[in-house]
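So the chains spell out like this:
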2 protein chains.
Amino acid sequence: MLDRTAYLPLDSASLPARLGTRAELLDRLGPPALWQVREVGDGNLNLVFIVEGPKGSVVVKQALPYARVVGESWPMSLDRAFFEHEALKRLGTRDPGRAPQLIFFDPAQAILAMEHLTPHKVARRAFMEGEELPLMGEHLGLYLARTLFRGSDWSMPTAARKADLALFAGNVELAGITEELVFSDPFKPAPLNRWTCGLEDAAAAVRDDRALKFAAQEMKARFCTCTETLLHGDLHTGSVMATADDTRVIDAEFALYGPMGFDVGVLVANLWMAVFAQPGHRAGGRAQRAYGDFLLATVETLWRVFAAEFSRLWRTERTGILGGRDLFEAQGDTLGAAAALAHHLEQVWQDALGFAGIEICRRILGLAHIAEFETIADVALRARLERRALAFGRHLAVNRRDIPSIDAANRLVRTREEQP
Amino acid sequence: MLDRTAYLPLDSASLPARLGTRAELLDRLGPPALWQVREVGDGNLNLVFIVEGPKGSVVVKQALPYARVVGESWPMSLDRAFFEHEALKRLGTRDPGRAPQLIFFDPAQAILAMEHLTPHKVARRAFMEGEELPLMGEHLGLYLARTLFRGSDWSMPTAARKADLALFAGNVELAGITEELVFSDPFKPAPLNRWTCGLEDAAAAVRDDRALKFAAQEMKARFCTCTETLLHGDLHTGSVMATADDTRVIDAEFALYGPMGFDVGVLVANLWMAVFAQPGHRAGGRAQRAYGDFLLATVETLWRVFAAEFSRLWRTERTGILGGRDLFEAQGDTLGAAAALAHHLEQVWQDALGFAGIEICRRILGLAHIAEFETIADVALRARLERRALAFGRHLAVNRRDIPSIDAANRLVRTREEQP
């Protein structure tokens, strides 16, 4: 499709010369000779530069033709930058203000330039530092409701929805990463799996756990076959940057059509894991307990705001072919419409719990772990905390139909947390 | 996309001149001057010609730029011929011998030439004439298992599956017909709805039936969001042509990715409706009972053969990303794989019952009715039979989770049949 023969990775030295003719950057930064460039990519896939000039700063993200986490032995299409750009445009429109502002996209070079979020901090880092982000739960609840509802056949003109389904069906490689690394590898012997020393028995038990593997397969089938809305697709707390006042969602290259509960589940799983990791980051007692309470309150707020905003959109923007307004409200049956909403939210909730459970398992037994656990230097403590989280994740995945509410789920976290 | 400025509908007089230079037709038919052409399209959308020459006969199907059932006031894209051609190629490969053999496709003219199936009879006609087709149930069970399994992520290389998902997502107009005419119109006041005189109260009751409308909305959401395999998409018994020895599946222009249970449910619904219509076509007593038994036995065979063949493919061809062989068999757990199969078949069964129920409702209250009912001249009898079928369809849609087996479903038909 695209001519990429001229593709060349940026580096800090070459960036000003290569991008210094872009008017959009000159406006924001000032003259290229004065640009300061730092490569800050700590993710698994891309180059990320912060470029600072006398007038301001921007972020420049460039896809590499391989997966950075593994190296050049794992080639990966540069098209993911295209999908990220397409996704950020849509998500940014569906919940204005949550996505970073886009400056330009160069498809041939797989370069996306965007707003430098500052003084925002990656949510994971805030969790390790014990910083409270009081509006994060509300912002993310709104974000989930708006993006998930507005990308679906409950809301969109269906021809546009089907065209988007077709477009994002092309994001095969990144879908494949999720399909393999999230839903399969952690549950079988796989060369990329790794776990904290001391968890060998837990990893072996998972590989023998028919009920859990059955749940993993069910959730994988749901992920692959339920194409109800445009997902962010990688909405963990490393894709969230926040201040006390603001919350942003970045890194949308995994975007694809899938079940609403996936984004919700991955996000709450990462909040719950941050609770389990707390004893590795601050002394026990009151401070630890208080920060855990903040995180659990964030999960609760997130779900309650999500459900409330989703319900509001259901009442006011249900204009798509799945709206069903013609069958219910138009025939004077508002109770029917309300029952359909309750049923839908229950499905999203069960899916979210199932995906959350799988996400927790894969972050402890698979390739990609989370900083909150990885930075705990005391390996025995880390293993103990991960073991608790793993048991919780297993419970969610297997028993997702029998956990009736966010309170009930949070209580399970508390129970696990209190174990020796 | 395609240049269609030269598009012109065929007619019997112009066909030999327009297609007489095609080597594929000359080979099969002999010289165009000797061709006999009959227009036989009795469907809702297209022109269909049987062309006979000294050496043989072929069928020529051409899409019209509007829906024939309504007229030029309902414009409809000629692209449906493209989707039919793409679908027939795939379905024909997945279950060789069931699709008609393709001769050529002319995209600009939306013309598809194919094998003339003779002495095959449309299954609906056989049902009205009381002709037994002893192999039809087995053939259709195999067809469903093979096409539905082999078009899914349980079997296909996932990049090819996703490319097909994207391709058929373009079949927006024909999907829209199903979405509107099957899942919505029958359950609301809609200008295209019609029903037999005497069923006014039944139609009104359906529009007030919250549980049924809820089920219709659930099945519609399943149809629109569960894109697990390539469906035929319009697999009623007017799309089946058969002899005592052979069974063929035609008319695939509604093909799209959807839930496996849709094709299964639409097909068995039409077989069940043929049972309900029997008293309109032959005297009561033994002959009527025997033919009803044949039809119910066909449904039973169809489901049993489907489940058996699907299970065989599950064991032998589960090579796609949803196969799960790595989690089960590869770790010595054949029971886990068998449990996953049973769970999947149960889901297909419930979906099939739900879709069957909706199909029955729409064939009695919506735009497109079935010949088995429509040809009953005694309107009071027709209304009585349709009322029975409608009650059965309503029961299937609403109670689909509580009908455990094909025997149980067939028993419900017998019960309804025996009502006065």
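Keep in mind that this is a model prediction, so the values were computed, not measured.

Trainee: What exactly am I supposed to notice about the packing of aromatic side chains here?
Mentor: Residues and elements named next belong to chain A. By the definition in use, this model includes 32 aromatic pairs over all chains. Between the aromatic rings of Phe 149 and Phe 310, the centroid separation amounts to 5.3 Å while the plane-to-plane angle is 90 degrees, which identifies the pairing as edge-to-face. Of this pair, Phe 149 sits in helix H5 (residues 136–150) while Phe 310 sits in helix H11 (residues 286–316), and the two are 161 residues apart along the sequence. A single burial state applies to Phe 149 and to Phe 310, both of which are buried. An angle of 55 degrees between the planes, with centres 4.9 Å apart, marks the rings of Trp 303 and Trp 349 as tilted. Of this pair, Trp 303 sits in helix H11 while Trp 349 sits in helix H12 (residues 334–365), placing them 46 residues apart in sequence.

Trainee: Is there a simple way to explain the packing of helix H9 (residues 210–225) of chain B against helix H14 (residues 379–398) of chain B in this structure?
Mentor: The geometry of a pair of packed helices is captured by two quantities: the angle between their axes and the separation between those axes. All names here are of chain B. Where H9 meets H14, the axes come as close as 9 Å, and the angle between the chain directions of the two elements is 65 degrees. Between H9 and H14 lies a crossing of left-handed hand. Two secondary-structure elements touch here, H9 through Ala 211, Leu 212 and Ala 215 and H14 through Arg 394, Ala 397 and Val 398. Among the residues making up the contact of H9 with H14, the classes are represented as five nonpolar, no polar and one charged.

Trainee: What's the story with a nonpolar patch on the surface in this structure? I'm lost.
Mentor: Where nonpolar side chains cluster on the molecular surface, the patch consists of A:Val69, A:Val70 and A:Leu192 and spans about 190 Å² of accessible area. Turning to its location among the elements, A:Val70 is positioned in the loop between strand E4 (66–67) and strand E5 (71–75).

Trainee: Can you walk me through the interface of chain B and chain A in this structure?
Mentor: Note: interface size is frequently given as the accessible area lost on complex formation between the parts. The interface is formed by 45 residues belonging to chain B together with 45 residues belonging to chain A. The contact between chain B and chain A buries some 3700 Å² in all, and 62% of this surface belongs to carbon and sulfur atoms. Contact with chain A buries surface across chain B, with B:Arg210, B:Thr225 and B:Leu327 losing the most and accounting together for 16% of the total. Linking chain B to chain A there are six salt bridges. Residue B:Asp333 pairs with A:Arg210 through a salt bridge whose shortest N-O separation is 2.8 Å. On inspection of chain B and its partner chain A, the count reaches 21 residue pairs in polar contact (both at pLDDT 80 or more). Where the side of chain B that touches chain A is concerned, the elements lending two or more residues are helix H6 (158–168), helix H7 (172–182), H9 and helix H12 (334–365) of chain B. Ranked by the residues each element gives to the side of chain B that touches chain A, the list is headed by H9(B), at ten residues. Partitioned by chemical class, the residues of the side of chain B that touches chain A number 22 nonpolar, ten polar and 13 charged.

Trainee: Even after reading the chapter, I still don't get the pairing of strand E7 (residues 111–115) of chain B, so can you show me in this structure?
Mentor: Residue and element names in this part refer to chain B. Across the five residues that make up E7, a large majority, four, are buried. Examined bridge by bridge, strand E6 (residues 102–106) and E7 share four bridges and lie antiparallel to one another. Pairing of Leu 102 across the sheet is with Met 114, part of E7. In this antiparallel pair of consecutive strands, E6 and E7, the connection spans four residues, and Ala 110 shows a positive phi of 55 degrees.

Trainee: What is the right way to read the domain arrangement of chain A from this model?
Mentor: Residues and elements named next belong to chain A. What the domain assignment lists for chain A is domain 1 (15–115) and domain 2 (121–417). Computed over C-alpha atoms only, the centres of domain 1 and domain 2 are separated by 26 Å. Listed as interface residues are 27 residues of domain 1 and, on the opposing side, 32 residues of domain 2. Both faces considered, domain 1 and domain 2 share a buried interface measuring about 2400 Å² in area, 61% of it formed by carbon and sulfur atoms. A per-residue breakdown of the area domain 1 buries against domain 2 is headed by Phe 83, Arg 94 and Arg 98, which together make up 34% of the total. For the pair domain 1 and domain 2, the interface holds seven salt bridges. Arg 146 serves as the salt-bridge partner of Asp 95, at 2.9 Å between the closest nitrogen and oxygen. Linking domain 1 to domain 2 there are 14 residue pairs in polar contact (both at pLDDT 80 or more).

Trainee: Where do I start with the packing of helix H3 (residues 79–94) of chain B against H6(B) in this structure?
Mentor: All names here are of chain B. In the contact formed by H3 and H6, the axes pass within 11 Å of each other and the chain directions differ by 150 degrees. H3 and H6 meet at a crossing whose hand is left-handed. Contact with H3, carried on its side by Phe 82, Phe 83, Glu 86, Ala 87, Arg 90 and Arg 94, involves Asp 164, Leu 167 and Phe 168 of H6 and no other residues of that element.

Trainee: Teacher, can you tell me more about the pairing of strand E7 (residues 111–115) of chain A here?
Mentor: Along a regular strand, successive side chains alternate from one face of the sheet to the other. Where strand E3 (residues 57–63) of chain A and E7(A) come together, five bridges link them in antiparallel fashion. For A:Val59, the partnering residue across the bridge sits in E7(A) and is A:Met114.

Trainee: What am I meant to see in H6(B) here?
Mentor: Turn by turn, an α-helix covers 3.6 residues, leaving residues three or four places apart pointing in a common direction. Residues of H6(B) that are buried include every one of B:Thr158, B:Arg161, B:Lys162, B:Asp164, B:Leu165 and B:Phe168, and no others. Around the axis of H6(B), the buried residues are gathered within 160 degrees of arc, so they sit on the same side. If you follow the buried residues of H6(B), they end up packed against helix H6 (158–168), helix H7 (172–182) and helix H9 (210–225) of chain A together with H3, strand E9 (229–231) and strand E12 (256–258) of chain B.

Trainee: Whenever I open this one, the relation of the copies chain B and chain A confuses me. Can you help?
Mentor: Note that the two copies of the chain are related through a rotation about an axis and a translation along the same axis. Take chain B, turn it by 180 degrees, move it 0.0 Å along the axis, and it overlays chain A with an RMSD of 0.0 Å. Taken together, the rotation angle and the small translation identify this as a two-fold axis. Within chain B, B:Ala166 has its C-alpha nearest the rotation axis, a separation of 1.9 Å. Taken as a fraction of all interface residues of chain B, those also at the interface in chain A reach 100%, which identifies the copy contact as same-surface.

Trainee: Would you mind showing me how to read the sheet that holds strand E11 (residues 247–249) of chain A here?
Mentor: Across a sheet, paired strands are connected by hydrogen bonds in the backbone, their directions being either parallel or antiparallel. All names here are of chain A. With respect to topology, three strands assemble into an open sheet ordered E8-E10-E11, the strand pairing being antiparallel. Every interior strand has two partners, whereas the edge strands, strand E8 (121–122) and E11, have only one. Bridge count between E8 and strand E10 (residues 240–242): two bridges; the pairing is antiparallel. The partner of Lys 121 across the bridge, within E10, is Ala 242. On the sheet, H5 packs against E10 and E11 and is oriented at approximately 40 degrees with respect to E11.

Trainee: Help me understand the sheet that holds strand E1 (residues 36–39) of chain A in this model?
Mentor: Residue and element names in this part refer to chain A. Strand order in the open sheet formed by five strands is E1-E2-E3-E7-E6, and the pairing between neighbours is antiparallel. Edge positions in the open sheet fall to E1 and strand E6 (102–106), since each of these has one partner strand only. Ignoring strand direction, the axes of neighbouring strands in this sheet form an average angle of 20 degrees. Pairing between E1 and strand E2 (residues 46–52): four bridges, direction antiparallel. Bridging from a neighbouring strand, Gln 36 pairs with Glu 52 of E2. Contacting E2, E3, E6 and E7, helix H3 (residues 79–94) crosses the sheet at an angle of about 150 degrees to E6.

Trainee: Explanation requested: H12(A) in the structure shown.
Mentor: Its 32 residues give H12(A) an end-to-end C-alpha distance of 47 Å, which sits within 8% of 46 Å, the value for a rise of 1.5 Å per residue. The opening residue of H12(A), the one whose side-chain oxygen lies 3.4 Å from the backbone nitrogen of A:Leu335, is A:Asp333.

Trainee: Just to check I follow, could you spell out the environment of B:Phe262 for this structure?
Mentor: Residue and element names in this part refer to chain B. Position of Phe 262 among the secondary structure elements: in helix H10 (residues 260–277). Note on Phe 262: relative accessible area 3%, which makes it buried. Residues Phe 262 and Leu 353 lie 91 residues apart in sequence; the distance between their C-alpha atoms is 9.0 Å. Not counting residues within four places of it along the chain, the set of residues in contact with Phe 262 comprises Thr 178, Phe 183, Phe 223, Leu 231, Gly 233 and Phe 355.

Procedures and definitions
Residues numbered from 1 in each chain as written. Chains lettered and ligands numbered in written order. Predicted model: local features only at pLDDT ≥ 70, side-chain atom pairs only at ≥ 80, totals over all residues. Heavy atoms only, no water. Phe/Tyr/Trp six-rings, centres within 6.5 Å; stacked < 30°, edge-to-face > 60°. Helix = DSSP H or I, 4+ residues; strand = E, 2+ residues; numbered from the N terminus. Buried < 20%, exposed > 50% of the residue type's maximum accessible area, 1.4 Å probe, protein only. Axes fitted to C-alpha atoms, helices over the stretch in contact; angles between N-to-C directions. Left-handed = near helix turned anticlockwise from the far one by under 90°. Contact = heavy atoms within 4.5 Å. Nonpolar A, V, L, I, M, F, W, Y, C, P; charged D, E, K, R; others polar. Patch = residues over 30% accessible without salt bridge, like charges linked within 9 Å, V, L, I, M, F, W, Y side chains within 5 Å. Areas by Shrake-Rupley, 256 points an atom, 1.4 Å probe, with all protein chains shown as cover. Salt bridge = Lys/Arg side-chain N within 4 Å of Asp/Glu carboxyl O. Buried area = accessible area lost by both parts, 1.4 Å probe. Polar contact = N/O pair within 3.5 Å; in protein donor to acceptor, adjacent residues only side chain to side chain. Pairing = 2+ DSSP bridges. Domains from an automatic or database assignment. Arc of directions from axis to C-beta. Least-squares fit on C-alpha atoms with pLDDT ≥ 70 in both. Expected span 1.5 Å × (residues − 1).

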